[in-house]
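Take a look at the letters that make up each chain.
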2 protein chains.
Amino acid sequence: MNEPAYVAVDWGTSSFRLWLMDRDDHVLAERRSGEGMTTAASMGFGTVLSSHLQTVQASAALPVVICGMAGARQGWVEAGYVDVPARLSTVLSNAVRVPAEERDIRILPGIAQRSDTMPDVMRGEETQLLGSAGIASQRLVCMPGTHSKWVGVNGDIVTSFSSFMTGEVFDALSKHTILKHAMAEADSFDGSHPAFIAAVRHARENPAMFTNLIFTCRSGQLLHGLDATSAAARLSGLLIGTEFAGGLSIAGTDATVQLVASGKLLTLYEAAFAALDLDFESVDADLAVRNGLASAARSLFFAH
Amino acid sequence: MNEPAYVAVDWGTSSFRLWLMDRDDHVLAERRSGEGMTTAASMGFGTVLSSHLQTVQASAALPVVICGMAGARQGWVEAGYVDVPARLSTVLSNAVRVPAEERDIRILPGIAQRSDTMPDVMRGEETQLLGSAGIASQRLVCMPGTHSKWVGVNGDIVTSFSSFMTGEVFDALSKHTILKHAMAEADSFDGSHPAFIAAVRHARENPAMFTNLIFTCRSGQLLHGLDATSAAARLSGLLIGTEFAGGLSIAGTDATVQLVASGKLLTLYEAAFAALDLDFESVDADLAVRNGLASAARSLFFAH
């Protein structure tokens, strides 16, 4: 069956991805662009979406389901949050329809943790969680990124989660501190680099020394001639090792640890799990978000 | 006795301070400017120093002792490092004379820790350590700054130390990450702010959550309306609390904890010690560096 049935969109801060799908969740066409929330906020969300829908020749009758920052306050239409403990099916039933559009366009809400001491929010990851459910009922899900999430999931319920600013702190430190004099580009190394592996282990064991350990990227250069690629691998490993020290502490040890990632982050985090001798299963993040959007489409458009 | 006897200079990365001193270490004149290493490297170190010496009418016979980044490789004349375990008197005996200057000008070396896993360097702090020795033979010295140092000192010997990038990480995170949308200026709060005190305690107890806790400056704004001043106080407290978690772990618990700081950092760190219920003694950092330079002058110029 290759008749288009719906359109799925993952609309992040800096990226836009669209899939034209049939009723059996096969991908009929795909679009990727840099027109994330930031760009779309000035061009107009409706305009950006229409142009991509036209390119894939989506008829006016096809409904669209969207996850991600398009539902933020600064996005297209605010889709709010479901609070933890959050049933993933409640995320679906709280989708918001974009008003004044003839086409049926729904935006999924995010999830919020309204704790006094550990307030946190996610937008987009809830859809990946929906799309990565396996047979384990207790999951601790690691979702690397600009703001990595570690999420405790019990069956259909997100019980708690924590964001770690790993990707963004790497950028800020490597570009806007003294470490910039010691650093090669982030793409100069991979997870097999010995400096990355040693740093993951070191930071996991000594997270209290984080702001000291990062300085050794510079002092290692001054005293031991640490090369720029090793310094970048070391900084990345220190941030990821610290993230693991924190992330692993948020769920019980009997949970299945799941890594939801793709591309370079997938291989880096797989190497970090291996360096720490931790069991885990990987799920491709692109597939997870598409699966999640497909679940949403089934529930929102085809449940009757 | 008010006859000028020598000139003491603390020459940092971004600041220059000069004192005209008599033989009893009284200050006869003082100069402060922003002509630190960065500026002086382009203007010429000799030119900068001469102009200030002229202003305080220092005769050509007066010797000059200098500590700080003027002795770095990118500085005036490289003064190298004394390695840990480093006797502070060895710092004095390793002073380097600036060649091709008629005047007797000496630059003090820094201290290096050539450890494989914890390489570290200091330049300038060794002189403060020399000038802050009290009656305690075992000291753990906290020296806040752009790159805070925590230093273990046993009598006259620096046994080990760690730099924490507290000040520089605060700047990078508050200006170059998503946190910038949540932040007031760094001078908008002081150590009595409840958000600062709570954050110091929280991070000291949970250093593994550092890259998560900083995100709560933003998520707290989204979910609880955390105001910009509280967010800045919180970020500062989180960085200082993490620094304490690491710094306090590097020395035995029977060491006297000494805080060497001045100005805003002195009051912030005093508040952090109080928030954590820790005993400490404070020494003014300006006085400490002048005392240290005075010791150096005695040893280098007047020992005969």
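Note that this is a predicted model, so its numbers are computed, not measured.

Chemist: Please give an account of helix α8 (residues 216–224) of chain A that cites residues and values.
Modeler: If you check which residues of α8 of chain A are buried, you get Thr216, Cys217, Arg218, Ser219, Gly220 and Leu223 of chain A. Residues of α8 of chain A that are buried in the fold lie against α7 (210–213) and α9 (228–247) of chain A together with β5 (81–83), β9 (110–113) and β10 (120–122) of chain B.

Chemist: I'd like a description of the sheet that holds strand β8 (residues 105–107) of chain B, backed by residues and values.
Modeler: Residue and element names in this part refer to chain B. Taken together, 6 strands build an open sheet; the order of strands is β3-β2-β1-β4-β8-β7 and the sheet is mixed. Of all strands in the sheet, those bounded by a partner on one side alone are β3 (27–33) and β7 (96–97). The pairing of strand β4 (residues 64–68) with β8 spans 3 bridges and is classified as parallel. Within β8, the position partnered with valine 64 by the bridge is isoleucine 105. Its contacts with the sheet place helix α2 (residues 45–55) against β1 (4–11), β2 (16–22), β3, β4 and β8, and it is angled at close to 45° to β2. On top of the sheet, helix α11 (residues 285–301) reaches β1, β2, β3, β4 and β8; it is set at about 135° to β4, its chief contact.

Chemist: An account of the interface of chain A and chain B is needed here, citing residue identities and associated values.
Modeler: Across the contact, 51 residues belong to chain A and 51 residues belong to chain B. In this assembly, chain A packs against chain B so that about 3,900 Å² is buried in total across both faces, 71% of it on carbon and sulfur atoms. Among the residues of chain A in contact with chain B, Met165, Thr211 and Leu223 of chain A are the three that bury the most area, contributing 17% of the side total. Inspection of the chain A/chain B interface yields 12 residue pairs in polar contact (both at pLDDT 80 or more). If you list the elements that add at least two residues to the side of chain A that touches chain B, you get β9 (110–113), β10 (120–122), β13 (157–164), α5 (166–176), α7, α8 and α9 of chain A. For the side of chain A that touches chain B, the element with the highest residue contribution is α8 of chain A, accounting for 7 residues.

Chemist: Before we move on, could you go through the packing of aromatic side chains and cite the residues and values that matter?
Modeler: Scanning the model with the defined rule gives 25 aromatic pairs over all chains in all. On the numbers, 4.8 Å between centres and 85° between planes, the contact of tryptophan 11 of chain B with phenylalanine 16 of chain B is edge-to-face. Note on accessibility: tryptophan 11 of chain B and phenylalanine 16 of chain B belong to one class, buried. For the ring pair phenylalanine 301 of chain B and phenylalanine 302 of chain B, a centre distance of 6.1 Å and an interplane angle of 75° mean the geometry is edge-to-face. A network of ring pairs unites the aromatic residues Trp150, Phe244, Tyr269, Phe273 and Phe280 of chain A as a single cluster. The ring centre of phenylalanine 189 of chain A lies 4.5 Å from the NZ or CZ of lysine 264 of chain A, which sits over that ring.

Chemist: Break down the relation of the copies chain A and chain B for me, with residues and values.
Modeler: Least-squares fitting of chain A to chain B yields an RMSD of 0.0 Å, with the transformation described by 0.0 Å of translation along the axis and a rotation of 180°. Here the copies are linked by what is in effect a two-fold axis. Both copies share a contact surface, since 100% of the interface residues of chain A are interface residues in chain B too.

Chemist: Before we move on, could you go through the pattern of salt bridges and cite the residues and values that matter?
Modeler: Under the counting rule described, the total for this entry stands at 21 salt bridges over all chains. Among the salt bridges present, the one from arginine 114 of chain B reaches aspartate 83 of chain B, with a minimum N-O distance of 2.9 Å. Taken as a pair, arginine 114 of chain B in the loop between β9 and β10 and aspartate 83 of chain B in strand β5 lie far apart in primary sequence, 31 residues in all. A relative accessible area of 42% means that arginine 114 of chain B is categorised as partly exposed. For aspartate 83 of chain B, a relative accessible area of 34% puts it in the partly exposed group. Here arginine 97 of chain B makes a salt bridge to aspartate 104 of chain B, at a shortest N to O gap of 3.5 Å. Judged by its relative accessible area of 43%, arginine 97 of chain B is partly exposed. Put simply, Asp10, Arg17, Glu30, Arg32 and Asp286 of chain A are held in one network by salt bridges that share partners.

Chemist: Could you give an account of the pairing of strand β4 (residues 64–68) of chain A, naming the residues involved and the relevant values?
Modeler: Residues and elements named next belong to chain A. Of all 5 residues in β4, 5 are buried, a share of seventy percent or more. Burial of the side chains of β4 extends over both faces: Val64, Ile66 and Gly68 are buried on one face and Val65 and Cys67 on the other. Relative to β4, strand β1 (residues 4–11) runs parallel, the two sharing 5 bridges. Considered in β4, the bridge of valine 7 is made with valine 64.

Chemist: Any details on the side chain of lysine 149 of chain B? Residues and values, ideally.
Modeler: Residues and elements named next belong to chain B. Turning to its location among the elements, lysine 149 is positioned in strand β12 (residues 148–154). As a buried residue without a salt bridge, lysine 149 has its nearest oppositely charged side chain in glutamate 125, at a separation of 4.4 Å. Of note is the side chain of lysine 149, whose polar atom sits 3.0 Å from the backbone oxygen of valine 121. Within the local environment of lysine 149, its side chain forms a polar contact with the side chain of serine 163, the two groups lying 2.8 Å apart.

Chemist: Can you explain the packing of α5 of chain A against helix α5 (residues 166–176) of chain B? Please cite residues and give values.
Modeler: One way to put it is that α5 of chain A packs onto α5 of chain B with a least axis distance of 10 Å and a crossing angle of 115°. The two elements α5 of chain A and α5 of chain B cross, and the hand of that crossing is right-handed. Where α5 of chain A abuts α5 of chain B, its residues Glu168, Val169, Ala172, Leu173 and His176 of chain A lie against Glu168, Val169, Ala172, Leu173 and His176 of chain B. Here the contact of α5 of chain A with α5 of chain B is composed, by residue class, of 6 nonpolar, 2 polar and 2 charged.

Chemist: Account for helix α8 (residues 216–224) of chain B, with residues named and values stated.
Modeler: On its buried face, α8 of chain B is in contact with β5 (81–83), β9 and β10 of chain A together with α7 (210–213) and α9 (228–247) of chain B. Looking at the residues trailing α8 of chain B, positive phi occurs at glycine 225 of chain B, about 65°.

Chemist: Requested: an account of the packing of α9 of chain A against helix α10 (residues 263–275) of chain A, with residues and values cited.
Modeler: If you want to describe how two helices pack, look at the angle between their axes and the distance between the axes. Residue and element names in this part refer to chain A. Running from amino to carboxyl end, α9 crosses α10 at an angle of 65°, the nearest separation of the two axes being 11 Å. In this structure, the crossing between α9 and α10 has a hand that is right-handed. Between α9 and α10, the contacting residues are Ser236, Ile240, Glu243 and Phe244 on the first element and Leu268, Tyr269, Ala272 and Phe273 on the second. Class assignment for the residues of the contact of α9 with α10 results in 6 nonpolar, 1 polar and 1 charged.

Rules and cut-offs
Residues numbered from 1 in each chain as written. Chains lettered and ligands numbered in written order. Predicted model: local features only at pLDDT ≥ 70, side-chain atom pairs only at ≥ 80, totals over all residues. Heavy atoms only, no water. Buried < 20%, exposed > 50% of the residue type's maximum accessible area, 1.4 Å probe, protein only. Helix = DSSP H or I, 4+ residues; strand = E, 2+ residues; numbered from the N terminus. Contact = heavy atoms within 4.5 Å. Pairing = 2+ DSSP bridges. Axes fitted to C-alpha atoms, helices over the stretch in contact; angles between N-to-C directions. Buried area = accessible area lost by both parts, 1.4 Å probe. Polar contact = N/O pair within 3.5 Å; in protein donor to acceptor, adjacent residues only side chain to side chain. Phe/Tyr/Trp six-rings, centres within 6.5 Å; stacked < 30°, edge-to-face > 60°. Lys NZ or Arg CZ within 6 Å of the ring centre and 35° of its normal. Least-squares fit on C-alpha atoms with pLDDT ≥ 70 in both. Salt bridge = Lys/Arg side-chain N within 4 Å of Asp/Glu carboxyl O. Lys, Arg positive; Asp, Glu negative; His and termini not counted. Left-handed = near helix turned anticlockwise from the far one by under 90°. Nonpolar A, V, L, I, M, F, W, Y, C, P; charged D, E, K, R; others polar.

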